[in-house]
Amino acid sequence: NLLLFNGFNQDEEGCLAPSFSPPSPPSVLLTSSGSKLNDPKQGSWIVQPTAAGYIEDPAPFKDDGGGPYWAASCCEEWFNECGSVQVELEGYRLLDASFYVGGFKQSCSGKCTFADASSVVIPRRTGVGSAALPASCAGAERVTLTGGGYCGWCFLQNVRVQLPPPPSPP
């Protein structure tokens, strides 16, 4: 049985050894902006990836005028991308993800940005449904989508990141 004693572990015989507690994993920042019925919506969430490396959506999109949701949405004009959604993966790197586009006269596009500030374009999609991010987005530290339409939206799905290696004990 070990007891914590001023940053040291003390066993039953009274021997002290430095305690080791692994650092907590980095957080991921999720943001969104958009509008529904001319009502601006902005959201910001800090989450931790699951043990399998997935980013769980903290505010799944609903077409109900509520929110904010983690989605790029707006109701401005046909194919107008006036909302945005972003995931900041500081401390992690993207393995893969997909995105969903929905609504009426909808459009969505974006980019994946890397640590060296280079980026890969996510081509514009106007059809309803899911699409994988380009394979060339693997390794990105930020993904941004812009979307909207007459009343349209898009959001990220199945975001999977590379987890940092576990710390080794001293």
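Look a little higher up for the structure.
Bear in mind that the values here come from a model prediction, so they are computed numbers and not experimental data.

K.L.:
Even after reading the chapter, I still don't get the environment of V121, so can you show me in this structure?
P.N.:
Locating V121 in the fold gives a position in strand β9 (residues 119–125). We classify V121 as exposed; its relative accessible area is 61%. Between the C-alpha atom of V121 and that of L145, which follows or precedes it by 24 residues, the distance is 10.0 Å. Residues within four places of V121 in sequence aside, it is in contact with G110, K111 and P134.

K.L.:
Teacher, can you tell me more about the state of the cysteines here?
P.N.:
The full count for this structure, using the stated rule, is 4 disulfides. One disulfide bridge connects C75 with C151, the sulfur atoms lying 1.9 Å from each other. Here the disulfide of C75 and C151 is right-handed, its torsion about the S-S bond being about 65 degrees. Placement of the pair is C75 in the loop between β6 (72–74) and β7 (83–88) and C151 in strand β11 (residues 142–162), with a sequence separation of 76 residues. Accessibility assignment for this pair places C75 and C151 in one class, buried. Disulfide pairing places C112 opposite C137 at an S-S distance of 2.0 Å. Between C112 and C137 the sulfur-sulfur dihedral comes to about 85 degrees; the bridge is accordingly right-handed. Pair noted here: C112 is in strand β8 (residues 93–113) and C137 is in the loop between β10 (129–132) and β11, with a separation of 25 residues, a long-range link.

Criteria and thresholds
- Residues numbered from 1 in each chain as written.
- Predicted model: local features only at pLDDT ≥ 70, side-chain atom pairs only at ≥ 80, totals over all residues.
- Heavy atoms only, no water.
- Helix = DSSP H or I, 4+ residues; strand = E, 2+ residues; numbered from the N terminus.
- Buried < 20%, exposed > 50% of the residue type's maximum accessible area, 1.4 Å probe, protein only.
- Contact = heavy atoms within 4.5 Å.
- Disulfide = S-S within 2.5 Å.

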